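Architecture and fold: a report
The residues making up each chain are set out below.
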Amino acid sequence: MMKKYLLASLVALACTGAGAFAQEPAKTIAPAATSAASPLIPAVPALFLKPVTLRGTLGDTDVQVHIRPKAEIDEGIEGEYFIFGNSAKILLAGEIEGEILFMEESENGTNISGQWDGKLEGDMLSGTWMSADGSFTKPFALKVVPLKPVAASRPAKKAIAKADKP
């Protein structure tokens, strides 16, 4: 049942186009909606209540992963990743409850090509990736990429400098 749900999520993600998500403003989730007191919504770490980027390794390959909550946080998470040096994006969909993460991936937007099982510890996500048929596994270790503060643009800096002069 879970695989059918995740596969449907991957197909829906592929149909809407992964690029469309980057153009939508981030949705805000009310803190009360994610409290452990609500039995309908699993405990989701604050880190995954907004889009997050992680970098690290999958086996001995460098990867970058983007994960964001689905429109309804109780429906899980979605995203994509790429291998550095390769522009192809691989779609992800899954769930995170507490510090435990489960995602399935799809290279073609239709078939499941792998599964990620991991654990979040601080700003590190690590675990095991497994091929769809279970014949091949690789460890993964990802670290959250901190957001850079938005710097003032050059014209804004010049305007501030002129305003400071008598």
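Here's what I pulled together on the structure shown here. (Residues numbered from 1 in each chain as written. Predicted model: local features only at pLDDT ≥ 70, side-chain atom pairs only at ≥ 80, totals over all residues. Heavy atoms only, no water.)

Quick notes on the pattern of salt bridges
Operational definition: Between Lys or Arg on one side and Asp or Glu on the other, a salt bridge is scored when a side-chain nitrogen of the former is within 4 Å of a carboxyl oxygen of the latter. Going along the chain from the N terminus, every DSSP run of H or I of four or more residues is numbered as a helix, and every run of E of two or more is numbered as a strand. Think of it in three bands: with a 1.4 Å probe and only protein chains considered, a residue is buried below 20% of the maximum accessible area for its type, exposed above 50%, and partly exposed in between.
All told, the structure shown has three salt bridges when counted by the stated rule. Linking Arg-68 and Glu-78 is a salt bridge whose minimum nitrogen-to-oxygen distance equals 3.8 Å. With Arg-68 in strand S2 (residues 61-69) and Glu-78 in strand S3 (residues 77-83), the pair connects residues that are ten residues apart, well separated along the chain. Comparing Arg-68 with Glu-78, the two get one shared label, buried. In this structure, Lys-143 and Asp-123 form a salt bridge, with 2.9 Å as the shortest nitrogen-oxygen distance. With a gap of 20 residues between them, Lys-143 in strand S8 (residues 137-144) and Asp-123 in the loop between strand S6 (114-121) and strand S7 (124-131) connect regions that are remote in the sequence. One connected set of salt bridges, linked through shared partners, spans Arg-68, Glu-78 and Glu-80.

Here's the deal with the environment of Ile-112
Within the secondary structure layout, Ile-112 lies in the loop between strand S5 (100-106) and S6. By relative accessible area, which is 22% here, Ile-112 ends up partly exposed. Spatially, the C-alpha atoms of Ile-112 and Asp-133 are 9.5 Å apart, while their sequence positions differ by 21 residues.

Things to note about the environment of Tyr-81
Just so we agree on the cut-off: In this analysis, two residues are considered to be in contact whenever any of their non-hydrogen atoms come within 4.5 Å of each other.
Its place among the elements puts Tyr-81 in strand S3. The contacts of Tyr-81, once residues within four sequence positions are left out, are Leu-58, Val-63, Gln-64, Val-65, Ala-88, Lys-89, Ile-90, Leu-92, Glu-105, Trp-116 and Trp-129.

Comments concerning the sheet that holds strand S4 (residues 89-97)
Spelled out, the test is: For two strands to be treated as a pair, DSSP must find no fewer than two bridges joining them. Convention adopted: a line fitted to C-alpha atoms gives each axis, helices being fitted over their contacting stretch, and angles between N-to-C directions are expressed from 0 to 180 degrees.
With respect to topology, eight strands assemble into a closed barrel ordered S1-S2-S3-S4-S5-S6-S7-S8, the strand pairing being antiparallel. This sheet shows a mean twist of 30 degrees between the axes of neighbouring strands, independent of strand direction. Pairing of S7 with S8 involves seven bridges; the strand directions are antiparallel. What sits directly across from Gly-127, in S8, is Phe-140.

Comments concerning the nonpolar core
The condition that has to hold: Residues grouped as a nonpolar core are buried Ala, Val, Leu, Ile, Met, Phe, Trp, Tyr and Cys residues, joined through side-chain atoms within 4.5 Å.
Counting residues in each nonpolar core, the largest one holds 21 residues, and the members touching the most others are Leu-54, Val-65, Ile-67, Tyr-81, Trp-116 and Leu-142. For this core, the secondary-structure elements that each account for two or more residues are strand S1 (52-58), S2, S3, S4, S5, S6, S7 and S8.

That is the geometry; function is a separate question.
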